[in-house]
Amino acid sequence: MLKRLFTIIALFIAAVAGVPTSAAAAINVITATEDLAALVREVGGDRIKVESLARGYQDPHFVEAKPSFVLKLHSADLLIVVGRELEIGWLPPLITQARNARIQPGGAGYLDASLHAHILEMPTGQITRAMGDVHPMGNPHYWLGPDNGRIIAKDIQNKLAELQPGDAAYFAQRYAEFDRQLAAAEARWKAAMAPYRGTKVVTYHRSWPNFVDAFGLDVMGYVEPKPGIPPSPSHTLELIQEMKRQNVKLILVEPYFDLKTPNNVGNATGAKVLVMMPSVGGAPQIKTYFDLFDYNTTLLTDAIKQAGAK
Ligand SMILES: [Zn+2]
């Protein structure tokens, strides 16, 4: 009798507070990066709440861990990581400290978004982190190819449906709508970039192989001697000579790197330095996965025209 009374009171409070009593609660998703959070929003709609640990203007290889991250992970139903060891420098100890069995690697609430993605620059031969190479498992910046955005979204749909089967049809419908919008956007981005196919660029870090694959740019070199290794005078000199030889007029730099070396290289070669955004949230106006490509393709086409790089 008492139990029944409590149930009635609970239902009454829920009704007053506007909390749905029949539908399952929103799935509490934590993602390593804002790109993944943006894709979760596309598929999850109002049946999820999602928060990213890293901010879009931070280097995702090197994120400063905050105590609040552990609290967020502790209460998460689902953790989605970029994988390919992108987060190896900061995330694994936090997952352990979170004391949440659901989100441990291999748990039902753990999703590695790289599982089915097209991964480029796969190492051949012995896998090693020697020389500080931060890409020992293939290139982890794969979300910058829109085809991979679609693949990640599909994996997210399947995982959300597994965690909340009652909303499976809702997630499937949201994914189908995202897929449709992405196909239209891809056609738009490719058309905008088509006149500039084969434009030679240099990039600071190896962040863009999937992006240049999708849009047809030609990467001639890197400011970093190896991923994660700061520029050295000898490498910079070689890069300048190669850029002059090949007449490269654009240097793409991620927002979290020092512009000193890129500017020096730009001065020596006449190349334009362009700060490209590798992630959602890199600039305030980049709020969705679509915004990310709109932003970068517009920036690039304007810069190529200005620099006469093509
Ligand atoms: Zn990297």
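Refer to the structure printed above.
Residues numbered from 1 in each chain as written. Predicted model: local features only at pLDDT ≥ 70, side-chain atom pairs only at ≥ 80, totals over all residues. Heavy atoms only, no water.

## Regarding the sheet that holds strand β2 (residues 48-52)
As summarised here, the arrangement of the 4 strands in space is β2-β1-β3-β4, forming an open sheet in which the pairing is parallel. Every interior strand has two partners, whereas the edge strands, β2 and β4 (110-112), have only one. This sheet shows a mean twist of 20° between the axes of neighbouring strands, independent of strand direction. Both strand β3 (residues 78-81) and β4 contribute to a ladder of 3 bridges, which runs parallel. Note that in β4 the partner of Val81 across the bridge is Asp112. (Pairing = 2+ DSSP bridges. Helix = DSSP H or I, 4+ residues; strand = E, 2+ residues; numbered from the N terminus. Axes fitted to C-alpha atoms, helices over the stretch in contact; angles between N-to-C directions.)

## Things to note about the coordination of the zinc ion
Protein coordination at the zinc ion: the donors are His61 (NE2), His135 (NE2), His141 (NE2) and His205 (NE2), at 1.9 to 2.0 Å from the metal. Ordering the donors of the zinc ion by residue number gives the pattern H-x73-H-x5-H-x63-H. With respect to class, His135 is no different from His141; both count as buried. (Donors = N, O, S within 2.8 Å, 3.2 Å for Na, K, Ca; no water. Buried < 20%, exposed > 50% of the residue type's maximum accessible area, 1.4 Å probe, protein only.)

## Points about empty space enclosed by the protein
Overall, the coordinates contain 1 cavity of 30 Å³ or more when judged by the stated rule. Of the pockets and cavities examined, the largest cavity occupies roughly 30 Å³. As for the largest cavity, its lining consists of Thr33, Glu34, Asp35, Ala54, Arg55, Gly56, Gln58, Pro60 and Ser279. When grouped by side-chain class, the residues that make up the lining of the largest cavity number 2 nonpolar, 4 polar and 3 charged. (1 Å grid on protein atoms, 1.4 Å probe; cavity = no way out; pocket = protein on both sides within 12 Å on 5 of 7 lines; lining within 4 Å. Points joined across faces, edges and corners; volume = space filled by probe spheres on them. Nonpolar A, V, L, I, M, F, W, Y, C, P; charged D, E, K, R; others polar.)

## Things to note about the packing of aromatic side chains
Counting across every chain of the model gives 14 aromatic pairs. Between Phe211 and Phe293, the ring centres sit 6.2 Å apart and the planes meet at 10°, which makes this aromatic pair stacked. One end of the pair, Phe211, is in helix α7 (residues 209-215); the other, Phe293, is in helix α10 (residues 289-307), and 82 residues separate them in sequence. Across the pair, Phe293 and Phe211 agree in class, each one buried. (Phe/Tyr/Trp six-rings, centres within 6.5 Å; stacked < 30°, edge-to-face > 60°.)

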